[in-house]
Structures are given as C-alpha cells and as structure tokens.
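Inside the fold
Below, each chain spelled out in residue letters.
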Amino acid sequence: GENVEQHPSTLSVQEGDSAVIKCTYSDSASNYFPWYKQELGKGPQLIIDIRSNVGEKKDQRIAVTLNKTAKHFSLHITETQPEDSAVYFCAAPSGANNLFFGTGTRLTVIP
Amino acid sequence: DTGVSQNPRHKITKRGQNVTFRCDPISEHNRLYWYRQTLGQGPEFLTYFQNEAQLEKSRLLSDRFSAERPKGSFSTLEIQRTEQGDSAMYLCASSSDSSSGELFFGEGSRLTVL
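Residues numbered from 1 in each chain as written. Chains lettered and ligands numbered in written order. Predicted model: local features only at pLDDT ≥ 70, side-chain atom pairs only at ≥ 80, totals over all residues. Heavy atoms only, no water.

1. Some words on the overall build of chain B
Looking only at helices and strands, chain B features 0 helices and 11 strands. Traced from its N-terminal end to its C-terminal end, chain B shows the element sequence β-β-β-β-β-β-β-β-β-β-β. In terms of C-alpha radius of gyration, chain B reaches 13 Å, essentially the compact-globule figure of 13 Å for 114 residues. For chain B, the spread of C-alpha atoms along the three principal axes comes to 40 × 25 × 20 Å. Relative to its 114 residues, chain B shows a buried fraction of 46%. Long-range pairs, those at least 24 residues apart, make up 53% of the contacts in chain B between residues at least 6 apart in sequence. Surface summary for chain B: the accessible area is close to 5900 Å², and the carbon and sulfur share equals 43%. (Helix = DSSP H or I, 4+ residues; strand = E, 2+ residues; numbered from the N terminus. Rg over C-alpha atoms; globule rule 2.2 N^0.38 Å. Buried < 20%, exposed > 50% of the residue type's maximum accessible area, 1.4 Å probe, protein only. Contact = heavy atoms within 4.5 Å. Areas by Shrake-Rupley, 256 points an atom, 1.4 Å probe, with all protein chains shown as cover.)

Written out as structure tokens, the structure is:
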C-alpha cells in the first residue's frame with residue numbers, strides 16, 4: 001500500500017515570505033496528489049491537487065510541483081498571510097477508494 | 001449550510017460504553033468515507049461506502065466498530081465497548097463521481113473515552 005512522508009512537521013515564516021512543504025510517496029502507480037488545509041476545529045479542505053500527467057500546477061499564491069521520478073511533490077505558498085496559518089496535509093491514493101494522508105505540517109505566519 | 005454535517009460534535013464517555021456518530025453527506029454525493037484523526041496526525045482511513053454498499057474497510061476497523069449507510073444517504077459509525085485508545089476525532093467525508101477525487105469533510109466528532 002501507499003506510504004506518504006511529510007516534512008517539516010512545523011514551519012514558521014514571516015508574513016510575506018514563502019513557505020514550502022514537501023512530501024514523498026512510495027507507490028509509483030499513484031497518479032493523484034492533493035493538498036488539504038485544516039483550520040482549528042474544522043475538517044480538512046482541499047486547496048490544490050495535481051495529477052501525474054503534469055509537473056506543476058498553480059492557483060494564485062499556491063502551487064504544487066510533482067517529480068514522479070523521485071516520487072515527491074511539494075506545496076509552495078508565496079506572499080504568505082496570517083490567514084494561511086493552519087495545518088497542511090499532503091495525500092496520495094491508497095487502494096481504489098481512499099487517500100493516505102501525511103502527518104501534517106503546522107504553518108505559522110508571523111505578522 | 002449544505003456541507004457535510006456530523007453529530008454529535010463532542011462526546012465524552014466512560015470506558016466500556018457504546019457510542020454512535022452520525023454523518024449527513026452532501027445530498028447528491030454517492031460516496032461516503034469515515035476517517036479517524038488523532039492529535040498531531042493526519043486522517044486515517046476507516047471505511048468507504050458507495051451508495052448503501054460498504055465496499056472497503058481498513059484493518060484499523062476492529063470488530064468493535066461498525067458502520068452503516070442503510071439508504072445510501074446518512075451514515076452511522078458505532079463503537080462498542082469503547083477503550084481509551086478510541087479517543088480521537090472521527091471525520092466523515094463525501095464525494096461524487098464528478099468530484100474529481102476531492103473529498104468534502106465534515107467538522108468531525110470528537111470522542112473522549114475516560
């Protein structure tokens with residue numbers, strides 16, 4: 001089955017700086033890689049995803065890059081704002097019907 | 001609000017008691033998932049329904065856990081003879097065939113077993 005490792009577990013950045021979170025996965029057949037954001041007291045919410053037929057996807061200040069050869073993918077947040085503070089999870093498919101989530105990165109944006 | 005709804009939001013129980021959680025998915029979603037999340041960890045898959053059929057169960061789902069989705073709409077997750085190790089956030093998510101893989105999570109039901 002799939003295994004996903006996520007680093008770092010905590011990340012503090014100054015407002016306006018960039019943040020990068022990295023994940024590695026084990027199953028070379030995986031073809032879908034989402035990123036979820038979880039705010040305090042809420043369930044995770046999808047913020048961006050990428051499929052294996054592209055190497056990069058961007059949505060305003062958020063981008064995800066995928067390196068299939070190395071089996072890793074990264075989340076990039078530029079021009080960070082205090083409202084970006086949350087826990088971020090990467091994930092990859094595990095079996096036909098579910099996702100295997102990483103252990104999460106707690107991002108703190110310091111005003 | 002037409003998102004995924006979970007009840008109760010918090011449950012405190014004594015070891016050995018039974019508890020039941022309910023999930024109301026987004027109305028047109030045919031797929032429903034239960035995940036468990038402990039402090040500092042990512043969600044861990046428990047089980048998956050497509051309509052009323054339970055198609056997949058994790059090894060995490062011991063025989064004390066049972067989930068149902070009798071009419072293909074709401075779902076319940078029951079834990080019998082609770083143990084302290086069952087303390088966690090139980091998250092429900094739903095999706096449809098046209099969701100392109102996106103899971104829509106509820107806010108979770110937090111269980112504390114004393």
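2. What to know about the overall build of chain A
Scanning chain A from terminus to terminus reveals 0 helices and 11 strands. Against the globule reference of 13 Å for 111 residues, chain A gives a C-alpha radius of gyration of 13 Å, in line with a compact fold. Along the first, second and third principal axes, the C-alpha atoms of chain A reach 40 × 30 × 20 Å. A separation threshold of at least 6 residues defines the contact pool for chain A, and within that pool the share at least 24 residues apart is 52%. Summing over all exposed atoms, chain A offers an accessible surface of approximately 5500 Å²; the carbon and sulfur share of this is 47%.

3. Examining the layout of surface pockets
Each pocket or cavity is described by its volume, and for the largest pocket that value is around 600 Å³. Along its surface, the largest pocket is lined by 28 residues, and Gln-38, Val-87 and Arg-106 of chain A together with Gln-37 and Leu-39 of chain B are the ones closest to its centre. Among the secondary structure elements, those contributing two or more residues to the lining of the largest pocket are strand E9 (86-93) and strand E11 (105-110) of chain A together with strand E9 (88-95) of chain B. When the residues that make up the lining of the largest pocket are grouped by side-chain class, the tally is 8 nonpolar, 14 polar and 6 charged. (1 Å grid on protein atoms, 1.4 Å probe; cavity = no way out; pocket = protein on both sides within 12 Å on 5 of 7 lines; lining within 4 Å. Points joined across faces, edges and corners; volume = space filled by probe spheres on them. Nonpolar A, V, L, I, M, F, W, Y, C, P; charged D, E, K, R; others polar.)

4. Observations regarding the sheet that holds strand E7 (residues 65-68) of chain B
All names here are of chain B. Here we have 4 strands laid out as an open sheet, ordered E1-E3-E8-E7, and antiparallel in their pairing. Strands at the two margins of the open sheet, each flanked by one partner only, are strand E1 (5-7) and E7. The average angle at which neighbouring strand axes cross in this sheet is 15°, direction not considered. Pairing geometry for E7 and strand E8 (residues 75-79), over 4 bridges, is antiparallel. (Pairing = 2+ DSSP bridges. Axes fitted to C-alpha atoms, helices over the stretch in contact; angles between N-to-C directions.)

5. Quick word on the nonpolar core
Residues Phe-33, Trp-35, Phe-73, Leu-75, Tyr-88 and Leu-107 of chain A are the most contacted members of the largest nonpolar core, which totals 22 residues. Contributions of two or more residues to this core are made by strand E2 (10-14), strand E3 (19-25), strand E4 (32-38), strand E5 (45-51), strand E7 (62-67), strand E8 (72-77), E9 and E11 of chain A. Excluding its chain neighbours within four sequence positions, the residues that come into contact with Tyr-88 of chain A are Gln-6, Ile-21, Tyr-36, Lys-37, Ile-47, Leu-75, Ile-77, Gly-104, Thr-105 and Leu-107 of chain A. One finds Val-4, Cys-23, Phe-49 and Leu-111 of chain B within the second-largest nonpolar core, a separate group that totals 19 residues. (Core = buried A, V, L, I, M, F, W, Y, C linked by side-chain atoms within 4.5 Å.)

6. Concerning the packing of aromatic side chains
Residue and element names in this part refer to chain A. Here the structure, examined in full by the defined rule, presents 14 aromatic pairs over all chains. For the pair Tyr-25 and Phe-33, a centre-to-centre distance of 4.6 Å together with 40° between the ring planes defines the contact as tilted. For Tyr-25, a relative accessible area of 5% corresponds to the buried category. Between the aromatic rings of Trp-35 and Phe-73, the centroid separation amounts to 5.6 Å while the plane-to-plane angle is 65°, which identifies the pairing as edge-to-face. Separated by 38 residues along the polypeptide, Trp-35 in strand E4 and Phe-73 in strand E8 bring together distant segments of the chain. (Phe/Tyr/Trp six-rings, centres within 6.5 Å; stacked < 30°, edge-to-face > 60°.)

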